[in-house]
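This is what each chain is made of:
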Protein chains: 2
Amino acid sequence: MSEQIEPIATMAAELNRLPGIGKKTAQRLAYFVASMPLEDVRSLSVALWEGRKAIRFCQTCGNYAAGERCAICEDAARHNGQICVVRDPRDVAAFERMHTYGGLYHVLHGTLSPMDGIGPDQLRIRELLSRLDSERVREVILATNPDVEGEATASYLARLLKPLGVRCTRIAHGVPVGGDLEYTDEITLQKALEGRREV
Amino acid sequence: MSEQIEPIATMAAELNRLPGIGKKTAQRLAYFVASMPLEDVRSLSVALWEGRKAIRFCQTCGNYAAGERCAICEDAARHNGQICVVRDPRDVAAFERMHTYGGLYHVLHGTLSPMDGIGPDQLRIRELLSRLDSERVREVILATNPDVEGEATASYLARLLKPLGVRCTRIAHGVPVGGDLEYTDEITLQKALEGRREV
């Protein structure tokens with residue numbers, strides 16, 4: 001029995017490498033691309049390649065940038081003394097979708113993971129320290145993920161920064177809004193209890 | 001508040017045009033592409049563009065082909081007198097996944113849809129008729145979708161082909177394997193009843 005033709009198989013194999021695109025979805029997408037007008041495939045292909053080539057990292061915070069500095073660091077109104085430390089640029093995008101945080105960011109490009117050979121020197125920690133000198137930083141908000149590496153990175157940074165006289169805060173853990181207590185794991189529930197406030 | 005940078009927005013907009021890729025998925029994919037090694041993005045981009053350019057239609061059956069004729073039409077063992085008529089090349093792929101059908105195909109590239117101005121002349125029906133002359137065709141299996149256009153196309157073809165002395169069959173409608181009678185719509189159930197067989 002004959003299989004799908006080579007160009008479609010190649011497209012499907014490449015699409016299959018994207019996250020969340022399984023084998024079947026990749027094949028469905030490849031067939032769709034095969035039926036798209038040439039011009040549309042061209043603009044998709046060009047957007048991916050030229051887009052990827054155009055991506056730079058902000059020299060200050062490490063976020064994605066089209067130029068030397070990202071739009072957030074370029075915005076004078078955002079220099080309010082707060083720096084939110086995150087693992088990668090996707091986390092910046094998540095915070096920006098909130099539309100309420102008005103400070104700056106610092107992207108570490110990873111979290112401490114000794115097993116994978118990622119120590120403090122592999123992260124953008126030196127750059128963070130130099131910003132404490134050059135910018136008026138009132139508060140560093142440690143917003144790495146609430147997983148093992150994220151917690152380890154946050155406590156490492158807290159131990160490093162506090163002696164320098166900078167206020168360090170950690171984002172709250174607790175029950176997600178809209179979540180259900182019954183389906184909340186014990187550790188999250190415990191964190192939610194520990195973090196309780198007067199009402 | 002600043003939004004995502006331009007190259008990522010463009011990538012997301014292009015990815016958003018693919019079927020099943022919503023706005024959020026498109027943005028997630030765009031961020032992923034932004035973090036991929038340049039070489040990998042290049043091969044993805046090239047696979048899509050070169051792949052699309054390489055796609056031809058088989059001159060005999062209308063299926064996707066890398067050359068003048070598709071692999072199925074090139075395979076002498078498949079010339080068994082059966083032609084399975086489908087709407088588009090994706091349907092050929094669906095049949096081929098069965099790994100049991102041993103005949104040939106004919107891709108109409110659409111179904112009759114007078115509302116959209118698609119009549120018999122817009123489909124590859126003339127090509128099908130000429131195959132009846134040049135190939136020894138015993139049976140034409142009408143395998144268009146079980147929807148209004150598919151049914152209309154199948155009965156049109158049956159009326160056209162039967163007087164020429166060719167056996168015409170229609171794929172069976174019924175309850176899908178693994179389906180649940182309770183959740184089967186009435187028309188499907190009626191077709192399943194009408195198509196019942198001795199056991």
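The preceding data block contains the structure.
### Quick notes on the overall build of chain A
Okay, so step 1: Helix and strand counts for chain A stand at 8 helices and 6 strands.
Okay, so step 2: The globule rule puts the C-alpha radius of gyration for 199 residues at 16 Å, and the 22 Å found for chain A is more than 25% above it.
Okay, so step 3: Across chain A, contacts joining residues at least 24 apart in sequence account for 48% of those joining residues at least 6 apart.
Okay, so step 4: With the model as given, the accessible surface of chain A reaches about 11300 Å², and the carbon-plus-sulfur share is 53%.
Okay, so step 5: Each charge sign in chain A was given a centre, from 25 positive and 27 negative side chains, and these centres are 3 Å apart.

### Structural notes on the environment of N80(B)
Okay, so step 1: Within the secondary structure, N80(B) is located in the loop between α4 (71-74) and β3 (82-86).
Okay, so step 2: In this structure, the C-alpha to C-alpha distance between N80(B) and G103(B), residues 23 residues apart in sequence, is 5.6 Å.

### Details of the sheet that holds strand β5 (residues 139-142) of chain B
Residue and element names in this part refer to chain B.
Okay, so step 1: The strand order across the open sheet formed by 4 strands is β4-β3-β5-β6, and the pairing between neighbours is parallel. At either end of the open sheet lies a strand with only one pairing partner, and these are β4 (104-107) and β6 (167-170). In this sheet, adjacent strand axes meet at a mean angle of 25° when their direction is disregarded.
Okay, so step 2: For β5 and β6, the ladder comprises 4 bridges, and the chain directions are parallel. Each bridged residue has a counterpart across the sheet, and for E139 the counterpart in β6 is R167.
Okay, so step 3: Packed onto the sheet, helix α6 (residues 125-134) meets β3, β4 and β5 and runs at close to 150° relative to β4.
Okay, so step 4: Contacts between helix α7 (residues 148-161) and the sheet are confined to β3, β5 and β6, with β6 contributing the most and set at about 165° to the helix.

### Re the packing of aromatic side chains
Okay, so step 1: Under the criterion given, the structure shown has 10 aromatic pairs over all chains.
Okay, so step 2: Three or more aromatic residues joined by ring pairs make a cluster, and in this case those are Y31(A), F57(B) and Y64(B).
Okay, so step 3: Across from the ring centre of W49(B), 5.1 Å away, lies the NZ or CZ of R42(A), which sits over that ring.

### Here we look at the pattern of salt bridges
Okay, so step 1: Inspection of the entire model under this criterion finds 16 salt bridges over all chains.
Okay, so step 2: In this structure, the salt-bridge partner of R87(B) is D88(B), at a minimum N-O distance of 3.4 Å.
Okay, so step 3: By relative accessible area, R87(B) is classed as partly exposed at 28%.
Okay, so step 4: In this structure D88(B) comes out as buried when scored by relative accessible area, which is 13%.
Okay, so step 5: For R170(B), the salt bridge identified is with E151(B), shortest N-O distance 3.4 Å. One end of the pair, R170(B), is in strand β6; the other, E151(B), is in helix α7, and 19 residues separate them in sequence.
Okay, so step 6: Within this structure, E14(A), R17(A) and D40(B) form a network of salt bridges that share partners.

### Concerning the interface of chain B and chain A
Okay, so step 1: Taken together, the contact pairs 54 residues of chain B with 54 residues of chain A.
Okay, so step 2: Carbon and sulfur atoms supply 70% of the area buried between chain B and chain A, which totals about 5200 Å² over both sides.
Okay, so step 3: Our enumeration of links across chain B and chain A arrives at 2 salt bridges.
Okay, so step 4: Across the pair D40(A) and R17(B) runs a salt bridge, and its minimum N-O distance is 3.2 Å.
Okay, so step 5: Counting every contact that joins chain B to chain A gives 9 residue pairs in polar contact (both at pLDDT 80 or more).
Okay, so step 6: Elements with a contribution of two residues or more to the side of chain B that touches chain A: α1 (6-15), α2 (23-35), α3 (38-54), β2 (64-65), α4 and α5 (89-98) of chain B.
Okay, so step 7: With 14 residues, the single largest contributor to the side of chain B that touches chain A is α3(B).

### Regarding a nonpolar patch on the surface
Residue and element names in this part refer to chain A.
Okay, so step 1: Judged by side-chain polarity, V175, L181 and L189 come together as a nonpolar surface patch covering roughly 230 Å² of accessible area.
Okay, so step 2: With respect to the helices and strands, the residue V175 is situated in the loop between β6 (167-170) and α8 (186-194).
Okay, so step 3: A relative accessible area of 32% places V175 in the partly exposed class.

### What to know about the pairing of β3(B)
Residues and elements named next belong to chain B.
Okay, so step 1: Extensive coverage of β3 is indicated by the burial of 5 of its 5 residues.
Okay, so step 2: Two elements, β3 and β5, share 4 bridges in a ladder whose sense is parallel. Residue pairing in the sheet places V85 in a bridge with L142 of β5.
Okay, so step 3: Assessed by its sense of winding, the connection that carries the chain from β3 through α5 to β4 is right-handed.

### Quick notes on empty space enclosed by the protein
Okay, so step 1: Using the criterion set out here, one finds 1 cavity of 30 Å³ or more in the structure.
Okay, so step 2: One number sums up the size of the largest cavity: a volume of about 30 Å³.
Okay, so step 3: In this structure, the largest cavity is lined by L15(A), L18(A), V33(A), L44(A), L48(A), L15(B), L18(B), L44(B) and L48(B).
Okay, so step 4: Looking at the lining of the largest cavity, the elements with two or more residues in it are α3 (38-54) of chain A together with α3 of chain B.
Okay, so step 5: Residues belonging to the lining of the largest cavity are distributed by class as follows: 9 nonpolar, no polar and no charged.

### What to know about the environment of R124(A)
All names here are of chain A.
Okay, so step 1: Among the structural elements, R124 can be located in the loop between β4 (104-107) and α6 (125-134).
Okay, so step 2: The class of R124 is buried, set by a relative accessible area of 13%.
Okay, so step 3: The sequence separation of R124 and V107 amounts to 17 residues, and the corresponding C-alpha distance is 7.2 Å.
Okay, so step 4: Discounting residues that sit within four places of it in the chain, R124 has contacts with C58, Q59, T60, C61, G62, H106, V107, L108 and H109.

Cut-offs used in this document
- Residues numbered from 1 in each chain as written.
- Chains lettered and ligands numbered in written order.
- Predicted model: local features only at pLDDT ≥ 70, side-chain atom pairs only at ≥ 80, totals over all residues.
- Heavy atoms only, no water.
- Helix = DSSP H or I, 4+ residues; strand = E, 2+ residues; numbered from the N terminus.
- Rg over C-alpha atoms; globule rule 2.2 N^0.38 Å.
- Contact = heavy atoms within 4.5 Å.
- Areas by Shrake-Rupley, 256 points an atom, 1.4 Å probe, with all protein chains shown as cover.
- Lys, Arg positive; Asp, Glu negative; His and termini not counted.
- Charge placed at Lys NZ, Arg CZ, Asp CG, Glu CD.
- Pairing = 2+ DSSP bridges.
- Axes fitted to C-alpha atoms, helices over the stretch in contact; angles between N-to-C directions.
- Phe/Tyr/Trp six-rings, centres within 6.5 Å; stacked < 30°, edge-to-face > 60°.
- Lys NZ or Arg CZ within 6 Å of the ring centre and 35° of its normal.
- Salt bridge = Lys/Arg side-chain N within 4 Å of Asp/Glu carboxyl O.
- Buried < 20%, exposed > 50% of the residue type's maximum accessible area, 1.4 Å probe, protein only.
- Buried area = accessible area lost by both parts, 1.4 Å probe.
- Polar contact = N/O pair within 3.5 Å; in protein donor to acceptor, adjacent residues only side chain to side chain.
- Patch = residues over 30% accessible without salt bridge, like charges linked within 9 Å, V, L, I, M, F, W, Y side chains within 5 Å.
- Right-handed = clockwise from strand over helix to strand, strands pointing away.
- 1 Å grid on protein atoms, 1.4 Å probe; cavity = no way out; pocket = protein on both sides within 12 Å on 5 of 7 lines; lining within 4 Å.
- Points joined across faces, edges and corners; volume = space filled by probe spheres on them.
- Nonpolar A, V, L, I, M, F, W, Y, C, P; charged D, E, K, R; others polar.

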